[in-house]
Amino acid sequence: MIKKTKFIIVYSMITILVTGCWNKSDINERSIVVAVGLDKTENNKIEVTLQIAKIKENEGNSGSGNSENLAWTNSYKGDTVFEAIRNQLKVVNRKPFFGHVKLMVIGEELAKEGIIETVNFFERDHELKLTPYVLISKGISAKKVLKAKSDLEDLSAIHIETIIKNSEANSKINKTLFIDMLRAMNRPGQDPLLGVIKPNNKENIKKVSNLEAEGSAILKNHKLVGWLSGKETRAYLMMNNKVKDTIINVNDPIEKGKKVSIEIFKLKGSRKVINRKKDIKIIIDIDANGNIGGQQSPYDLSNEKMLKKLEIEVENKIKKEIGELINIAQKKYNSDFLGFNKLVHKRYSHYWNTIEKNWNEEFSKINTEVNVKVKIKRTGLVTSPTTPK
């Protein structure tokens, strides 16, 4: 029995080692895809753009920002996503490997028609990890986004990925991974909210510096129906406890027409649902700490009276922004990208079963309550700003 057990263990180890070596050899013969772009063409074809890393043996990452030499971006069309990717082999000398994809960009026109086919293909692909960031390109094709060159990174896909990762500093884009999108699409009653990348001017888009990642795309029934601004996206992130750092500008309590910048460095957002017999109510609580990051007036705002006025200003602004966002979701789009369905389903499952089929109608009528508490703890190293004497 012992000999048999030892044989099974040794056999299993050999199998794992052999399998590992085969995979390594296979990857060396593949094209490493770092970004995927998907567009709908004028003649109703699917155009797939792949950004492929040029891997050279015995050559490290130079960090030179010369992305033209280290990345190759190619587009090909087909009637389906699968066919368009296979058609890449007409010009790509190695079969694409999707295990290192960092970024997926879906063009606006394709998103308007629906992203089901796109999702279906990539969720079936055993190579694709579920962690690429997903963006909708607004006012520009996904192809042009991926063809933009970076002055800071060897691969423009890495540049854009890093921008999204660092977006916590302003909290104006919803960072959505591929798996997050899948979960939202498979949850009854909920619509995905995806990040947006768009031109920051009307000039020719040749560099990543001509683009900006800000705002969100609203999908309903898997189709693009509208957009959220950066400010509206921030309200969504506050509700969902996803804000780590942001700047909120409010009116100066002393000098009219001047602004004070409040840095919110600690924010906790929570939501709960209560059953009021005849209906339900969503309660949103925001608790935030901040400090004065800058001001336009020369007056001392560090005393308790001024700080209290600033706190009220920030509280009112946050409450207003969240209220406006809820109205957009309920009245303008009737789309539960807010995730209220998840709260109801989790807290009152029996009630959810009775309203699930009519959730869109129920969602549009849900009453909400927003409570905001802000504490400004610091004013920086000075009590009043430097002024000319």
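This structure is a prediction, so every number in the text was calculated from the model and none was measured. All chains use their own residue numbering, which begins from 1 and follows the written sequence. Where totals are concerned, whole chains, interfaces and linings use all residues; where local detail is concerned, this predicted model gives features only for residues with pLDDT of at least 70, and gives and counts side-chain atom pairs only at 80 or more. Side-chain measures were taken over the full set of non-hydrogen atoms in the model, leaving aside hydrogen atoms and water.

A. Fine view of the overall build of the chain. Counting from the N terminus, the helices are DSSP H or I runs at least four residues long and the strands are E runs at least two residues long. Assigned secondary structure in the chain consists of 13 helices and 13 strands. Out of the 389 residues belonging to the chain, those deemed buried represent 45%. Per-residue and other accessible areas were derived by the Shrake-Rupley procedure at a 1.4 Å probe size, with only the shown protein chains allowed to occlude residues. For the chain, the accessible surface area stands at approximately 21,300 Å², while carbon and sulfur atoms represent 50% of it. We call a residue buried when its accessible area falls under 20% of the maximum for its residue type, exposed when it is over 50%, and partly exposed in between, using a 1.4 Å probe and counting protein chains only.

B. Geometry of the side chain of Glu47. Along the chain, the position of Glu47 falls in strand E2 (residues 46-53). Any pair of nitrogen or oxygen atoms within 3.5 Å is treated as a polar contact; in protein, a donor-acceptor pairing is required on top of that, and neighbouring residues in sequence qualify only through side-chain atoms on both sides. In this structure the side chain of Glu47 is engaged in a polar contact, spanning 3.4 Å, whose partner is the side chain of Lys143. Those residues in contact with Glu47 that sit more than four places away from it in its chain are Gly37, Leu38, Asp39, Thr41, Ser75, Tyr76, Lys77 and Lys143. Contact criterion: two residues are considered in contact whenever any of their non-hydrogen atoms come within 4.5 Å of each other.

C. Representation of a positive patch on the surface within the structure. Taken together, Lys266, Lys308, Lys373, Lys375, Lys377 and Arg378 make up a surface patch of like positive charges. Among the elements that make up the positive patch, the one with the highest residue count is strand E13 (residues 367-378) (four residues). Tracing the sequence through the fold places Lys266 in strand E11 (residues 259-275). Patches draw on residues past 30% relative accessible area with no salt bridge. Two like charges within 9 Å are joined, as are two nonpolar side chains (Val, Leu, Ile, Met, Phe, Trp, Tyr) within 5 Å. Salt bridges, as used here, are contacts in which a Lys or Arg side-chain nitrogen is within 4 Å of a carboxyl oxygen on Asp or Glu. Asp and Glu count as negative and Lys and Arg as positive, but His and the ends of the chain are not part of the count. By convention, the point assigned to a charge is CZ for Arg, NZ for Lys, CD for Glu and CG for Asp.

D. Examining the environment of Leu211 more closely. Following the sequence through the fold, Leu211 ends up in strand E8 (residues 211-220). Separated by eleven residues in sequence, Leu211 and Asn200 have C-alpha atoms that sit 5.2 Å apart. Here Leu211 is in contact with Ile140, Val145, Ala148, Ile197, Lys198, Pro199, Asn200 and Ile205, once residues within four sequence places are set aside.

E. Broad picture of the packing of helix H9 (residues 230-239) against helix H10 (residues 304-332). At their nearest, the axes of H9 and H10 sit 9 Å apart, and the two run at 100 degrees to each other. The orientation of H9 relative to H10 falls into the category roughly perpendicular. Taking contact as the criterion, the partners of Lys231, Glu232, Arg234, Ala235, Tyr236, Met238 and Met239 in H9 are, on H10, Ile318, Glu321, Ile322, Glu324, Leu325 and Ile328. Residue type decides the class: Asp, Glu, Lys and Arg count as charged, Ala, Val, Leu, Ile, Met, Phe, Trp, Tyr, Cys and Pro as nonpolar, and the leftover types, Gly among them, as polar. Within the contact of H9 with H10, the residues separate by chemical class into eight nonpolar, no polar and five charged. Every axis in this analysis is a line fitted to C-alpha atoms, fitted for helices over the stretch in contact. Angles between the N-to-C directions lie between 0 and 180 degrees. Here is the rule for angles: anything less than 35 degrees is roughly parallel, anything more than 145 is roughly antiparallel, 65 through 115 is roughly perpendicular, and the remaining ranges are oblique.

F. Spotlight on the environment of Gly37. Of note, Gly37 is situated in strand E1 (residues 31-40). Considering only alpha carbons, one finds Gly37 and Ser75, 38 residues apart in sequence, at a separation of 8.6 Å. The contact partners of Gly37, leaving out residues within four places of it in the chain, are Glu47, Val48, Thr49, Val105, Ala142 and Leu146.

G. Inspection of the packing of aromatic side chains at higher detail. Within 6.5 Å between ring centres, the rings of Phe, Tyr and Trp (the latter by its six-membered ring) count as paired, and their orientation is classed by plane angle as stacked under 30 degrees, edge-to-face over 60, tilted in between. A complete count under the given rule lists six aromatic pairs for this structure. Aromatic ring contacts, followed pair by pair, group Phe82, Phe98, Phe121 and Phe122 into a single cluster.

H. Geometry of H10. Here a helix's expected span is defined as the number of its residues, less one, multiplied by 1.5 Å. Taking 1.5 Å of rise per residue, 29 residues should cover 42 Å, and H10 covers 41 Å from first to last C-alpha, within 8% of that figure. A distance of 3.1 Å separates the backbone nitrogen of Lys305 from a side-chain oxygen at the start of H10, and that oxygen is part of Asn303. Of the residues one or two after H10, Asn334 is the one with positive phi, at around 45 degrees.

I. Up close: the pattern of salt bridges. Enumeration according to the criterion identifies 15 salt bridges in this entry. For the salt bridge of Arg183 with Asp180, the shortest nitrogen-to-oxygen distance reads 4.0 Å. Of this pair, Arg183 and Asp180 are both found in helix H8 (residues 178-186), three residues apart, which corresponds to roughly one turn of the helix. The salt bridge partner of Glu369 is Lys281, with a shortest N-O separation of 2.9 Å. Separated by 88 residues along the polypeptide, Glu369 in strand E13 and Lys281 in strand E12 (residues 280-295) bring together distant segments of the chain. Here the salt bridges share partners, and the residues they tie into one network are Glu108, Glu109 and Lys112.

J. The arrangement of the sheet that holds E11 in detail. Two strands pair if DSSP finds at least two bridges between them. Ordered in space as E10-E11-E12-E13, the four strands form an open sheet in which the pairing is mixed. Both outer strands of the open sheet, strand E10 (246-251) and E13, are each paired with one neighbouring strand and no more. Neighbour-to-neighbour, the strand axes of this sheet turn through a mean angle of 35 degrees, independent of strand direction. In terms of strand pairing, E12 meets E13 through eleven bridges, oriented parallel. By the bridge assignment for E13, Ile286 is matched with Val372.

K. Representation of the confidence of the model for the chain within the structure. How sure the predictor is of each residue is captured by pLDDT, a score from 0 to 100. Looking at the chain as a whole, the pLDDT averages 87, with 86% of positions reaching at least 70. Note that residues 58-62 has pLDDT below 50 and, in this model, four contacts with residues that lie over four places away or in other chains.

L. Up close: the nonpolar core. Side-chain atoms within 4.5 Å link the members of a nonpolar core, which is a set of buried Ala, Val, Leu, Ile, Met, Phe, Trp, Tyr and Cys residues. With 49 residues, the main nonpolar core has Ile262, Ile284, Ile318, Ile322, Phe337, Leu338 and Phe340 as its most contacted residues. Looking at this core, the element that brings in the most residues is H10, giving ten residues. Leaving out residues up to four positions away in the same chain, Ile284 has contacts with Met239, Ser270, Arg271, Ile322, Ile326, Phe340, Glu369, Val370 and Asn371.

M. Representation of the pairing of strand E6 (residues 133-137) in the model. Burial analysis of E6 places five of its five residues in the buried class, the great majority of the element. Neither face of E6 is exposed, since Tyr133, Leu135 and Ser137 on one face and Val134 and Ile136 on the opposite face are all buried. The pairing of E6 with strand E7 (residues 193-199) spans three bridges and is parallel. Bridging across to E7, Ser137 finds its partner in Ile197.

N. Region of the structure containing the packing of helix H5 (residues 116-124) against H8. Contact geometry of H5 with H8 gives a least axis separation of 12 Å together with a crossing angle of 120 degrees. In terms of axis orientation, H5 runs oblique to H8. Relative to H8, H5 is oriented so that their crossing is left-handed. The residues of H8 that touch H5, namely those facing Ile116, Val119, Phe122 and Glu123, are Phe178, Met181, Leu182 and Met185. Taken together, the residues that form the contact of H5 with H8 break down as seven nonpolar, no polar and one charged. Left-handed describes a crossing whose near helix is turned anticlockwise from the far helix by less than a right angle; the clockwise case is right-handed.

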